[in-house]
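# Coordinate inspection notes
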Amino acid sequence: MDKALQEFTFELMRHAAEQGLSKVTVTEGNFSITVENTPAEVAAAAPVAPAPAAQAPAQEEAAQPEETYSGTVVSAPLVGTFYAANAPEEPPIVSVGDTVTKGQTLCIIEAMKTMNTIESPCDGKVQKILVANGDLVEYHQPLIVIE
């Protein structure tokens, strides 16, 4: 297995484990991927292969302290593409300075061709938008700060 495919496989396994998926199969010839989800008890018992030594720099970056924000931080509940608007030609759903209410849609994250609306967990004012339209976002990545 070439190094790029190996790194991709380990990254895919990490994301699969975070999402509670229990099995990831990657085949190099004609490149196929299989992802399975099993009951939580079985998935918890399945060990996840550790990342290879080549992944050490990425782990060091993750070990650095995260930036702190005053206010409520809305984080990505899944991995996907961040969209600030409902459609490319439309204005952003919210902008810095907008007042939002609990349950109001703040943005959209597209994952596997599914549009997932991200709602405000509280009432407040949008203090910061930490990602740009079209950015790929990671699980638990901070997206928006509400005062």
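If you're wondering where the values come from, they're calculated on a predicted model, not measured in any experiment.

## Focus: the overall build of the protein chain
Helix and strand content of the protein chain: three helices and ten strands. Secondary structure elements of the protein chain, listed N to C terminal, follow the sequence α-β-β-α-α-β-β-β-β-β-β-β-β. Counting across all 147 residues of the protein chain, residues that qualify as buried make up 24%. In the protein chain, the proportion of contacts linking residues at least 24 apart, taken out of those at least 6 apart, comes to 56%.

## Comments concerning the sheet that holds strand β5 (residues 99–100)
Strand order in the open sheet made by the four strands is β3-β10-β8-β5, with antiparallel pairing throughout. Edge positions in the open sheet fall to β3 (72–75) and β5, since each of these has one partner strand only. The sheet contact formed by strand β8 (residues 124–129) and strand β10 (residues 142–146) spans three bridges and is antiparallel. Considered in β10, the bridge of K128 is made with V145.

## Quick word on the sheet that holds strand β6 (residues 105–111)
Ordered in space as β7-β6-β4-β9, the four strands form an open sheet in which the pairing is antiparallel. Taken across any chain shown, the strands that pair with only one partner, and hence form the sheet edges, are β7 (114–119) and β9 (136–137). Sheet analysis places β6 next to β7, joined by six bridges and oriented antiparallel. Bridge pairing in β7 places I108 opposite T117.

## Some words on the pairing of β6
Among the seven residues of β6, six are classified as buried, and the element is accordingly described as predominantly covered. Of the strand pairs in this sheet, strand β4 (residues 80–83) and β6 are connected by three bridges, and their pairing is antiparallel. In the strand pairing of β6, T81 is matched with E110. Counted between consecutive antiparallel strands, the loop separating β6 from β7 contains two residues, among which M112 sits at a positive phi close to 50°.

## Comments concerning the confidence of the model for the protein chain
Per-chain confidence: the protein chain averages 78 in pLDDT, with 61% of residues scoring 70 or above. Across the protein chain, the element-wise mean pLDDT spans from 48 in helix α2 (residues 40–45) up to 96 in β5. Predicted confidence is poor over residues 40–44, with pLDDT under 50, and the contacts of this stretch with residues over four places away or in other chains come to three contacts.

## A closer look at the nonpolar core
Counting residues in hydrophobic clusters, the biggest one holds 19 residues, and the most contacted among them are F82, L106, I109, V137, L143, I144 and I146. Residue contributions to this core peak at four residues, all from β6. With residues near it in sequence (within four places) discarded, I146 still touches G71, T72, V74, V100, L106, S120, P121, C122, D123, G124, K125 and Q127.

Thresholds, definitions, all that
Residues numbered from 1 in each chain as written. Predicted model: local features only at pLDDT ≥ 70, side-chain atom pairs only at ≥ 80, totals over all residues. Heavy atoms only, no water. Helix = DSSP H or I, 4+ residues; strand = E, 2+ residues; numbered from the N terminus. Buried < 20%, exposed > 50% of the residue type's maximum accessible area, 1.4 Å probe, protein only. Contact = heavy atoms within 4.5 Å. Pairing = 2+ DSSP bridges. pLDDT = per-residue confidence, 0-100. Core = buried A, V, L, I, M, F, W, Y, C linked by side-chain atoms within 4.5 Å.

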